[in-house]
Amino acid sequence: MYKIVEKKILNPTVIQFYIEAPLVANKAKPGQFIILRVDEDGERIPLTVAGVNKENGTVKIIFQVVGGTTKKLSYKEAGEYIQDFVGPLGVATHLDGLKKVCIVGGGVGCAIAMPIAEALHKNGAHVTSIIGFRNKDLLILEDEFKACSDTLHVMTDDGSYGKYGNVTVPLKAMLEAGDKFDMIITIGPLIMMKFVVATARPYGTPVTASMNPIMIDGTGMCGGCRLTLNVDGKKVTKFACVDGPDFNGYEIDFDEAMSRGRMYSDFERHAYENSCNLFKKEVQ
Amino acid sequence: MAKTNMSLIRNAMPTQDAKVRAHNFDEVALGYTEEQAIDEAMRCLNCKNMPCVDGCPVKIHIPEFISKIKDGDFEGAYQIITKSSSLPAVCGRVCPQESQCESKCVRGIKGESVGIGRLERFVADWHNTFSTEEPAHPVSNGHRVAIVGSGPSGLTCAGDLAKKGYDVTVYEALHTAGGVLVYGIPEFRLPKKIVAKEVDTLKKLGVHIETNVVIGKTLTIDELFEIGYEAVFVGSGAGLPNFMGIPGESLKGVYSANEFLTRSNLMKAYLNSPETPIMKGGKVAVVGGGNVAMDAARTALRLGAEKVYIVYRRSMEELPARREEVEHAEEEGIEFRLLCNPIEILGYNNPDDTRDPKNGFVRAMICVRMELGAPDERGRRRPVVIPDSEFTIDVDSVIMSIGTSPNPLIKSTTEGLEVNRWGGIVVNEDGLTSRNAVYAGGDAVTGAATVISAMGAGKTAAKAIDDYLSK
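Residues numbered from 1 in each chain as written. Chains lettered and ligands numbered in written order. Predicted model: local features only at pLDDT ≥ 70, side-chain atom pairs only at ≥ 80, totals over all residues.

## Describing the overall build of chain B
And then number 1: Looking only at helices and strands, one finds 17 helices and 16 strands in chain B.
And then number 2: Principal-axis analysis of the C-alpha atoms places the extent of chain B at approximately 75 × 60 × 50 Å.
And then number 3: Sorting the 471 residues of chain B into buried and exposed places 53% on the buried side.
And then number 4: Sequence-distant contacts in chain B: of pairs separated by 6 or more residues, those separated by 24 or more amount to 71%. (Helix = DSSP H or I, 4+ residues; strand = E, 2+ residues; numbered from the N terminus. Buried ≥ 20, exposed ≤ 12 C-beta atoms within 10 Å, placed from the backbone. Contact = placed C-beta atoms within 7 Å.)

## Regarding helix H3 (residues 109-122) of chain A
Residues and elements named next belong to chain A.
And then number 1: Along its 14 residues, H3 runs 21 Å from first to last C-alpha, staying within 8% of the 20 Å computed at 1.5 Å per residue.
And then number 2: Within H3, 10 of the 14 residues are buried, which leaves it mostly tucked inside the rest of the structure.
And then number 3: Gly124 sits one or two positions beyond H3 and adopts a positive phi of about 90°. (Expected span 1.5 Å × (residues − 1).)

## A closer look at the pairing of strand S15 (residues 234-239) of chain A
Residue and element names in this part refer to chain A.
And then number 1: One ladder, built from 6 bridges, connects strand S14 (residues 226-231) with S15; its direction is antiparallel. Paired with Asn230 across the two strands is Lys235, which belongs to S15.
And then number 2: Counted between consecutive antiparallel strands, the loop separating S14 from S15 contains 2 residues, among which Asp232 sits at a positive phi close to 50°. (Pairing = 2+ DSSP bridges.)

## Re the domain arrangement of chain B
Buried accessible area, meaning the area lost when the parts come together, often serves as the stated size of an interface.
All names here are of chain B.
And then number 1: Annotation of chain B at the domain level lists domain 1 (18-130), domain 2 (144-239 + 406-469) and domain 3 (241-404).
And then number 2: Its C-alpha centre places domain 1 at a distance of 26 Å from the equivalent point of domain 2.
And then number 3: Listed by partner, the interface residues are 18 residues for domain 1 and 24 residues for domain 2.
And then number 4: With 5 residues, helix H6 (residues 88-94) is the largest single contributor of residues to the side of domain 1 that touches domain 2.
And then number 5: Its residues assigned to classes, the side of domain 1 that touches domain 2 comprises 11 nonpolar, 3 polar and 4 charged. (Domains from an automatic or database assignment. Nonpolar A, V, L, I, M, F, W, Y, C, P; charged D, E, K, R; others polar.)

## Description of helix H8 (residues 152-163) of chain B
Side chains that are three or four residues apart share a direction in an α-helix, a result of its 3.6 residues per turn.
All names here are of chain B.
And then number 1: Taking 1.5 Å as the rise per residue, H8 with 12 residues should run 16 Å; its terminal C-alpha atoms sit 17 Å apart, in good agreement.
And then number 2: Buried positions along H8 lie against strand S1 (144-148), strand S2 (167-171), helix H9 (180-183), helix H10 (192-204), strand S4 (231-234) and helix H17 (451-469).
And then number 3: Looking one or two places after H8, you find Gly165, whose phi comes out positive at around 100°.

## Overview of the sheet that holds S4(B)
All names here are of chain B.
And then number 1: Across the sheet, 5 strands lie side by side as S3-S2-S1-S4-S16; this open sheet has parallel pairing. Looking at strand neighbours, the two that pair on one side only are strand S3 (208-210) and strand S16 (438-440), the edges of this open sheet. Neighbour-to-neighbour, the strand axes of this sheet turn through a mean angle of 20°, independent of strand direction.
And then number 2: Pairing of S1 with S2, which is carried by 5 bridges, proceeds in the parallel orientation. Directly across from Val145, in S2, lies its bridge partner Val168.
And then number 3: Along the sheet face, H17 touches S1, S4 and S16 and points at about 170° away from the line of S4. (Axes fitted to C-alpha atoms, helices over the stretch in contact; angles between N-to-C directions.)

## Let's talk about the domain arrangement of chain A
Residue and element names in this part refer to chain A.
And then number 1: According to the domain assignment, chain A contains domain 1 (2-89) and domain 2 (100-261).
And then number 2: Taking only C-alpha atoms into account, the centre of domain 1 sits 22 Å from that of domain 2.
And then number 3: Each partner contributes to the interface: domain 1 provides 18 residues, whereas domain 2 provides 20 residues.
And then number 4: Among the elements of the structure, strand S1 (2-11), strand S3 (33-37), strand S4 (45-53) and strand S5 (58-64) are those that each provide at least two residues to the side of domain 1 that touches domain 2.

## Overview of the packing of helix H5 (residues 168-176) of chain A against helix H6 (residues 190-200) of chain A
All names here are of chain A.
And then number 1: In the contact formed by H5 and H6, the axes pass within 10 Å of each other and the chain directions differ by 15°. Relative to H6, the element H5 is oriented roughly parallel. For H5 against H6, the interelement crossing comes out right-handed. Mapping the contact onto sequence places Thr168, Leu171, Lys172 and Leu175 in H5 and Phe195, Val196, Thr199 and Ala200 in H6.
And then number 2: The residue inventory of the contact of H5 with H6, partitioned by class, reads 5 nonpolar, 2 polar and 1 charged. (Parallel < 35°, antiparallel > 145°, perpendicular 65-115°, else oblique. Left-handed = near helix turned anticlockwise from the far one by under 90°.)

## Side note on the interface of chain B and chain A
And then number 1: The interface is formed by 31 residues belonging to chain B together with 34 residues belonging to chain A.
And then number 2: The element that contributes the greatest number of residues to the side of chain B that touches chain A is helix H12 (residues 257-264) of chain B, accounting for 4 residues.
And then number 3: Classifying every residue of the side of chain B that touches chain A gives 13 nonpolar, 12 polar and 6 charged.

## As for the sheet that holds strand S7 (residues 283-287) of chain B
Note on sheets: strands pair through backbone hydrogen bonds, and any given pair is parallel or antiparallel.
All names here are of chain B.
And then number 1: Read across the open sheet, the 5 strands follow the order S6-S14-S7-S8-S9; overall the sheet is parallel. Where the open sheet ends on each side, the last strands, each with one partner, are strand S6 (254-256) and strand S9 (335-338). Taken over all neighbouring pairs, the strand axes of this sheet differ in orientation by 20° on average, direction set aside.
And then number 2: Judged from the 5 bridges that link them, S7 and strand S8 (residues 307-312) form a sheet pairing that is parallel. Looking at the pairing, Lys283 lines up with Lys307 of S8.
And then number 3: Together, S6 and strand S14 (397-400) form the strand contacts of H12, whose direction differs from that of S6 by roughly 85°.

## As for the nonpolar core
And then number 1: The biggest cluster of nonpolar side chains holds 226 residues, and the ones touching the most others in it are Ile34(A), Val196(A), Val123(B), Phe233(B), Val286(B), Ala297(B) and Ile399(B).
And then number 2: Top contributing element to this core by residue count: H17(B), with 9 residues.
And then number 3: Once residues within four sequence positions are removed from consideration, Ile399(B) is found in contact with Tyr255(B), Ala257(B), Phe260(B), Val284(B), Val286(B), Val287(B), Ala296(B) and Ala300(B). (Core = buried A, V, L, I, M, F, W, Y, C linked by C-beta atoms within 7 Å.)

## What to know about the confidence of the model for chain B
Residue and element names in this part refer to chain B.
And then number 1: Averaged over every residue, the pLDDT of chain B is 92; residues scoring 70 or more account for 100%.
And then number 2: Across chain B, the secondary-structure element scoring lowest on mean pLDDT is strand S15 (residues 404-405), at 86, and the one scoring highest is S7, at 98.
And then number 3: For this predicted complex, the interface confidence score (ipTM) comes to 0.89, while the overall pTM stands at 0.91. (pLDDT = per-residue confidence, 0-100.)

## Topic: the pairing of strand S12 (residues 183-187) of chain A
Residues and elements named next belong to chain A.
And then number 1: Most of S12 is tucked away: 5 of the 5 residues are buried.
And then number 2: The alternating pattern of S12 places Met183, Ile185 and Ile187 on one face and Ile184 and Thr186 on the opposite face, and all of these are buried.
And then number 3: Where strand S8 (residues 100-106) and S12 come together, 5 bridges link them in parallel fashion. The residue bridging Cys102 from the neighbouring strand is Ile184, located in S12.

So this is what it looks like as structure tokens:
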């Protein structure tokens, strides 16, 4: 069992936990992920590490309530325990040698982008961050990004905070104006990452995208997290859990990844509704 | 003592009726009664040269335990088996006895061999049901050994070392101990409570089991030595599932056998867990002919498939699965499409509605017919495509069961660990790798093989580790 040491509600659907897991805290690097189960017989869900506190051996995770499992997790309070917590998994984001980087985060993906921005900032790199949300209520981590970015663009789809529009607007403007980045690192909804790649393509700026497909074991056994890369005109199957989660954005077949991501959408909707109903009963 | 039973035919294994069991996950084979076990034991001639023991990878004293059954001393029989095997209830169920101990049995020359596997299972089940004897806690010798992976090789190695007084810790990446015994082999062939019981027995021997630790990630092999372990055994199992590389393998509804079985077994979709989605019902094609393919096909059937095909490119003769599993599958109504190979999987694509929820799901599979050509270097006849033989099978899901390639996690984080060109860890006859005090065995070394060969490797390594640390 793994203790929840601290809980913080970042916005109505996004929650931050610090979970006691000293072995994971000791090893985790930006871009890696963990897998957790809330309770016995629960689903295994992958969540990217949002930070660590090596002193007290805790790992920060930030998640959005999107399905039954994240709903259940959101009911947990500080001092309570979750069943399983394993990691760090996947390959850490490659940051060596990067001097000027643009970080593009969307929604809860910003939670994953943040430790990468922090690490780059610490390395002395020039960091431009673009963070996008549907609206003002869903905004998270603005102060944290401010602290580690040389330039920060906050975007909302409805213009209720920051600037109106999606994340590709300032990206395109910067690239058009002749800004050169060693790398664009993007983390967020698949459709957003697909358009970040499309925006960067005419300028030839390298793009790393962080993928978060459906996964079970996370250690290279089940093959559920496979995705297709187009490498020099050849289709190559890769596994996000051991080969990723970061891939060259230009090589990823985003359409296929989006389709595969919807494999169980019916099932997930039912699970979410059931978990809400269970909670209602408990409240009554 | 009663006279030897000279019947040429062995006692049949009572099984659930095929029509009934095709719709439940209860165990197919029900096990011998005491009377059947004694009657079968009486068929053993107690040969002096014990050819059966030669056929056993862990060298169980077979005639000796069978003699105890003849006397009705079932606990005595169990004690003899556990001297050599740490997992008797598992082996009695999943070992390919027909190609091991039973293939050497003298009674098999004229008639059927003694049902050694069935007797082993009977003895283990009897012990688990009736015995209250706790295993003796061995005296510690002060040496610490780490085991990577709690599958059959790791558990065997742990058990053998613990019995000798070693302080053993088993690290498991998943949330439950057992490895392939819990995520791979289905309930109807190996009930999970039996695996849990065997793991419990090891814990009573003093073995520590740490779940949720991925060696190569959470801790490296080098760190295990820094923590104070004096030797490490790597039994991390087979790795990434292979795919064919044909169009359509990323459609929704295409699974690797590993994923399909893991969802059903470890994640309990077979119990209708509300937490674990799995595609069920409809028509299912399983590509491949090994034991894993049989497990996947029979699981799909039990989850409610209306039709399940095994699609295999060679003929029945070359099918690598155990004969018994193939027979069970046939009885249950699995259809074998032999000499047949998929070349493309087709998906739904509604041109009028891009938001049609069926878009991107599997609808059919195109196959070609094969014939057997000249034998390859291993003597197996190579399947050759018959020109213009394409045909289409309507299916709703496809399960690829065509083997695995070794897991990269340990190799990539352990300097100086030699692997072969397939990525399997290289070991000598004692299971020692290219790294001092690091041993390995099971699928991580051989690629996908059997539970008992993994146990044999765990046993060999345990002996070598004991020799090394008692120097």
